[in-house]
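What the coordinates show
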Amino acid sequence: MPEPVIAVDRLTKDYPVGFWRPRPYRALDGLSLTVSPGEVFGCLGPNGAGKSTTLKILMGLVAPTSGTAHLFGLPVANVASRRRVGFLPENPVLYDYLTGEELLAYFGQLCGLRPADARARGTILLDRVGLGAERRMAVRRYSKGMVQRLGVAQALVQDPDLVILDEPMSGLDPIGRRDVRALILSLRDEGKTVVFSSHILSDAETLCSRVAILAAGRLQALGSMTELVEFSVRAWEMLLDGTSPALEARLREAGATLTVLAAGRIQAHIPGAQAPEPLLQLASAAGARVLSLQPVRETLEDVFLKHVEGKRRDVPGAEVA
Ligand SMILES: Nc1ncnc2c1ncn2[C@@H]1O[C@H](COP(=O)(O)OP(=O)(O)OP(=O)(O)O)[C@@H](O)[C@H]1O
């Protein structure tokens, strides 16, 4: 077994909350997990689950109350553990009077690159995150999605082996999300380890080799997609056009649950793993058109909801006065 890139053991964080008499609030409760080299690992959970707290502890931005965290075998309290790590914080705040190009050149030099190398690396990264055309624009003129893309670029400036991205899809339009998905896969193909937090479960499902689901500061589930998600077909969904009331009645009798989308257009949910051949024939014989037929299986979203529902907590001190 290769040495884990990340090793977290019984990690716990209590934040003090309240002004006059601060009380500890347990944001993270005994989290243990490891991430191996080359993995794309998703840290999932509802708001307040403890995802950012975990990533901040790894980055040395927050000290744990108890437990241990190691990067590349070194404790996170040791700055050297982060030499090979790039980080995108949840809300990147960048020097907005600089241009994208100047900012990346500056960060590159902070990471030890020579000025010319830092500039060259910045140019490559701006192209890679789709900001090549805006590289001479002041960051204060960037949209939220452009700042997010620039944040991703700064995380890659020192060509890290481990990339930690806190909500990388936040603020991105569908094209931006697609680009970041492609970027994460290309980082994986280069042999890098990527850890990201997200609320977008479909992204996690397509990108991650493994995910951790957190809720209320505790690990609720950990594993690969095949370990967590039941991939077998449970039902079928058929979209039909040109149906008649008589056909709809016969489909219901045959066990389908119908949703009427418009007059003569219905969605039929048919339970069972077998492809619904008899109902297809019934529909065609009655002159209806089958627009689509899709198997229904469990998704990561179903698994997520199963693990997190009912596990939201109130934060002490958050009451409205
Ligand atoms: N500095 C702080 N002081 C007090 N409580 C905090 C602090 N930072 C976070 N918390 C609380 O700790 C809990 C976990 O917060 P965290 O930011 O880690 O959650 P998260 O899973 O990243 O949530 P989100 O998806 O909303 O970003 C939350 O209840 C939050 O209110």
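Residues numbered from 1 in each chain as written. Predicted model: local features only at pLDDT ≥ 70, side-chain atom pairs only at ≥ 80, totals over all residues.

Moving on to unusual backbone geometry. The backbone of Arg 10 shows a phi angle near 45°, a positive value even though the residue is not glycine. The topology assignment puts Arg 10 in strand β1 (residues 6-17). By C-beta crowding, Arg 10 is classed as exposed, having 12 other C-beta atoms within 10 Å. Residue Phe 72 is not a glycine yet carries a positive backbone phi of 50°. (Helix = DSSP H or I, 4+ residues; strand = E, 2+ residues; numbered from the N terminus. Buried ≥ 20, exposed ≤ 12 C-beta atoms within 10 Å, placed from the backbone.)

What follows deals with the UniProt feature "domain: ABC transporter" (unreviewed entry) in the chain. Per the UniProt record, "domain: ABC transporter" (unreviewed entry) is annotated on residues 6-241. With 31% helix and 32% strand, residues 6-241 has its two end C-alpha atoms placed 52 Å apart. (UniProt positions renumbered as here; feature names shortened; annotations may be inferred.)

One open sheet holds the six strands; their spatial order is β6-β7-β8-β3-β9-β10, and the pairing between them is mixed. The outermost strands of the open sheet, each flanked by one partner alone, are β6 (85-88) and β10 (218-224). Between one strand axis and the next, the sheet turns through 15° on average, direction left out of account. As defined by bridge partners, strand β3 (residues 40-44) adjoins strand β8 (residues 193-198) across five bridges and the pair is classed as parallel. Across the sheet, the residue bridging to Gly 42 is Phe 196, located in β8. Along the sheet face, helix α1 (residues 51-58) touches β3, β7 (162-166), β8 and β9 (210-215) and points at about 145° away from the line of β7. Contacts between helix α5 (residues 174-189) and the sheet are confined to β3, β7 and β8, with β8 contributing the most and set at about 155° to the helix. (Pairing = 2+ DSSP bridges. Axes fitted to C-alpha atoms, helices over the stretch in contact; angles between N-to-C directions. Contact = placed C-beta atoms within 7 Å.)

Turning our attention to the environment of Lys 311. Its place among the elements puts Lys 311 in the segment after α10 (300-308). It is 37 Å that separates the C-alpha atoms of Lys 311 and Ser 292, two residues lying 19 residues apart in sequence. Ignoring anything within four residues of it in the chain, the contact list for Lys 311 reads Ala 215 and Ala 216.

Turning next to the site of the ligand. The environment of the ligand is formed by 14 residues, the closest being Tyr 15, Ala 27, Asn 47, Ser 52 and Thr 53. For the shell around the ligand, the elements supplying multiple residues, two or more each, are β1, β2 (23-35) and α1. Broken down by element, the shell around the ligand gets its largest block of residues, three residues, from α1. Here the shell around the ligand is built from residues that sort into six nonpolar, six polar and two charged. (Near = placed C-beta within 6 Å. Nonpolar A, V, L, I, M, F, W, Y, C, P; charged D, E, K, R; others polar.)

A few words now on the packing of helix α2 (residues 100-110) against helix α3 (residues 115-128). For the pair α2 and α3, interaxial distance at closest approach is 8 Å and the crossing angle is 130°. With respect to each other, α2 and α3 are oriented oblique. α3 is crossed by α2, and the crossing has right-handed handedness. For the pair α2 and α3, the contacting residues are Gly 100, Glu 101, Leu 104, Ala 105, Gly 108 and Gln 109 in the first and Pro 115, Asp 117, Ala 118, Arg 119, Arg 121, Gly 122, Leu 125 and Leu 126 in the second. Of the residues contributing to the contact of α2 with α3, the split by class is six nonpolar, four polar and four charged. (Parallel < 35°, antiparallel > 145°, perpendicular 65-115°, else oblique. Left-handed = near helix turned anticlockwise from the far one by under 90°.)

With that settled, the discussion passes to the packing of α2 against helix α4 (residues 144-155). A pair of packed helices is characterised by two quantities: the angle between their axes and the separation of those axes. With their axes 10 Å apart at the nearest point, α2 and α4 run at an angle of 25° to one another. It follows that α2 is roughly parallel to α4 by the angle criterion. Considering how the two elements wind past one another, α2 and α4 form a crossing that is right-handed. Touching Gly 100, Leu 103, Leu 104 and Phe 107 of α2 are Leu 150, Ala 153 and Gln 154, all from α4.

Before going further, it helps to examine α2. All buried positions along α2 are accounted for by Gly 100, Leu 103, Leu 104, Ala 105, Phe 107 and Gly 108. Following α2 by one or two positions, Gly 112 has its phi on the positive side, about 100°.

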